Amino acid sequence: MSVLEERLAAVNAAIADAAREVGRDPGEITLEAATKTQTADTVRAAIQAGVAVCGENRVQELVQKLDAFAYDGAREVHFIGHLQTNKVRQVVGRVDLIESVDSLHLLQAVSDCAQRLGRVQDILLEVNIAGEASKSGFTPDGVFGGVEKAQELPGVRLRGIMCIPPAAQDVGGNRKFFRKTYQIYVDIISKMVDNREDLSCLSMGMSRDFADAVREGATLVRVGTGLFGPRG
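Figured I'd write up the structure that's included with this text. (Residues numbered from 1 in each chain as written. Predicted model: local features only at pLDDT ≥ 70, side-chain atom pairs only at ≥ 80, totals over all residues. Heavy atoms only, no water.)

Some points on the nonpolar core
At step 1: Within the largest apolar cluster, 68 residues are counted, with the highest numbers of intra-cluster contacts made by Ile98, Ile123, Leu125, Ile161 and Val221.
At step 2: Contacts of Leu125, omitting those with residues within four sequence positions, involve Glu99, Val101, Leu107, Phe138, Val143, Gly146, Val147, Leu158, Gly160, Ile161 and Met162.
At step 3: Of all hydrophobic cores here, the second largest spans five residues; its members include Leu124, Met162, Cys201 and Leu220. (Core = buried A, V, L, I, M, F, W, Y, C linked by side-chain atoms within 4.5 Å. Buried < 20%, exposed > 50% of the residue type's maximum accessible area, 1.4 Å probe, protein only. Contact = heavy atoms within 4.5 Å.)

Here's what the structure looks like:
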């Protein structure tokens, strides 16, 4: 068994343990490999090892890896980084899910681009759950306006929300943020009318805290270092 396969098995086991600890079915949680800075060959190896979903942070890397067919065999490819409106056309229609729609302006741009392509792009709205000035995203209260806007736009389909909490200094330090994000997710579902069944994705938790995210309701966790080791 390769190092990557060992790490993948360990992450999957940790997800399963965390889920069972709170009475959840481990099958409810999807592991997404965050492939930022990884080579096309490494991405192929991860898929060969059993990774089903890949998430890319940078548009240039996404395009290069798509052109190199690096994601062949993956069930889904997501975009998880900050997306500038002038690069929307390079992403829309080329990924299964854009997780990082962080403003009404970007939401409109994604919908407009998808319409021009004759597509409907699946998206998540990013919530700046801790109100950090250094991060983009809807405020916890403002995200409901994004939900209403998404329902009006024909080029997007809202699948849920995503958050990136502050880097926790202590074990369990982000659980309060995950708990708050989960409550927002539940509130959004309760307010949806037309496509409530589409809201199936709560993306939160990364290498250091994904188990806590699972304990607090995440349906998708984004793991990079835990699978590929520290970035050089």
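Right, picking up where we left off after that structure.
Things to note about the pairing of strand E1 (residues 30-34)
At step 1: Within E1, four of the five residues are buried, which leaves the element mostly enclosed by the surrounding structure.
At step 2: Where E1 meets strand E8 (residues 220-223), four bridges bridge the pair, whose relative direction is parallel. Counterpart to Thr30 in the pairing with E8 is Leu220.
At step 3: With three bridges connecting them, E1 and strand E2 (residues 53-56) associate as parallel partners. If you follow Glu32 over to E2, its bridge partner there is Val53.
At step 4: Handedness of the crossover is the feature at issue here: the chain leaves E1, passes through helix H2 (residues 40-49), returns alongside E2, and the resulting connection is right-handed. (Helix = DSSP H or I, 4+ residues; strand = E, 2+ residues; numbered from the N terminus. Pairing = 2+ DSSP bridges. Right-handed = clockwise from strand over helix to strand, strands pointing away.)

Notes on the state of the cysteines
At step 1: The full count for this structure, using the stated rule, is zero disulfides.
At step 2: Cysteine Cys163 shares no disulfide, and the gap to the nearest cysteine sulfur, in Cys201, comes to 11 Å. (Disulfide = S-S within 2.5 Å.)

Topic: the environment of Thr37
At step 1: Within the secondary structure layout, Thr37 lies in the loop between E1 and H2.
At step 2: Once the C-alpha coordinates of Thr37 and Arg231 are considered, the two residues, 194 residues apart in sequence, prove to be 7.5 Å apart.
At step 3: Ignoring sequence-local partners within four residues, the contact set of Thr37 consists of Glu56, Arg58, Glu61, Lys65 and Arg231.

A closer look at the environment of Phe79
At step 1: Mapped onto the fold, Phe79 is located in strand E3 (residues 76-79).
At step 2: Separated by 21 residues in the primary sequence, Phe79 and Arg58 have C-alpha atoms spaced 7.8 Å apart.
At step 3: Non-local contacts of Phe79, meaning those with residues more than four positions away in its chain, are made with Glu56, Asn57, Arg58, Val59, Leu62, Val91, Val95, Leu97, Ile98, Glu99 and Ser100.

Here we look at helix H4 (residues 104-117)
At step 1: Spanning 14 residues, H4 covers 20 Å between terminal C-alpha atoms, matching the ideal 20 Å at 1.5 Å per step.
At step 2: For H4, the complete set of buried residues consists of Leu106, Leu107, Ala109, Val110, Ser111, Cys113 and Ala114.
At step 3: Contacts from the buried residues of H4 go to strand E4 (97-101), strand E5 (121-127), helix H5 (143-152) and strand E6 (156-163).
At step 4: The positive-phi residue at the C-terminal boundary of H4 is Gly118, with phi of around 70 degrees. (Expected span 1.5 Å × (residues − 1).)

Re the pairing of E3
At step 1: As judged from the four bridges shared by E2 and E3, these two strands associate in the parallel manner. Along E3, the bridge assignment pairs Glu56 with Phe79.
At step 2: The handedness of the E2 to E3 crossover, carried by helix H3 (residues 59-67), is right-handed.
At step 3: In this structure, E3 lies alongside E4, joined through two bridges in parallel fashion. Bridge pairing in E4 links His78 to Leu97.

Details of unusual backbone geometry
At step 1: One non-glycine residue, Thr37, lies in positive phi territory at about 70 degrees.
At step 2: The phi torsion at Phe69 lies on the positive side, around 60 degrees, for a residue other than glycine.
At step 3: Here Phe69 lies in the loop between H3 and E3.
At step 4: Residue Phe69 is classed as exposed on the basis of its relative accessible area, which comes to 54%.

A look at the side chain of Asp102
At step 1: Note on placement: Asp102 falls in the loop between E4 and H4.
At step 2: Among buried Asp, Glu, Lys and Arg side chains, Asp102 stands out as unpaired, with Lys135 the closest opposite charge at 12 Å.
At step 3: There is a polar contact of 2.8 Å between the side chain of Asp102 and the side chain of Ser136.
At step 4: Residues in contact with Asp102, not counting those within four places in the same chain, are His82, Glu126, Ser136, Gly137 and Phe138. (Lys, Arg positive; Asp, Glu negative; His and termini not counted. Salt bridge = Lys/Arg side-chain N within 4 Å of Asp/Glu carboxyl O. Polar contact = N/O pair within 3.5 Å; in protein donor to acceptor, adjacent residues only side chain to side chain.)

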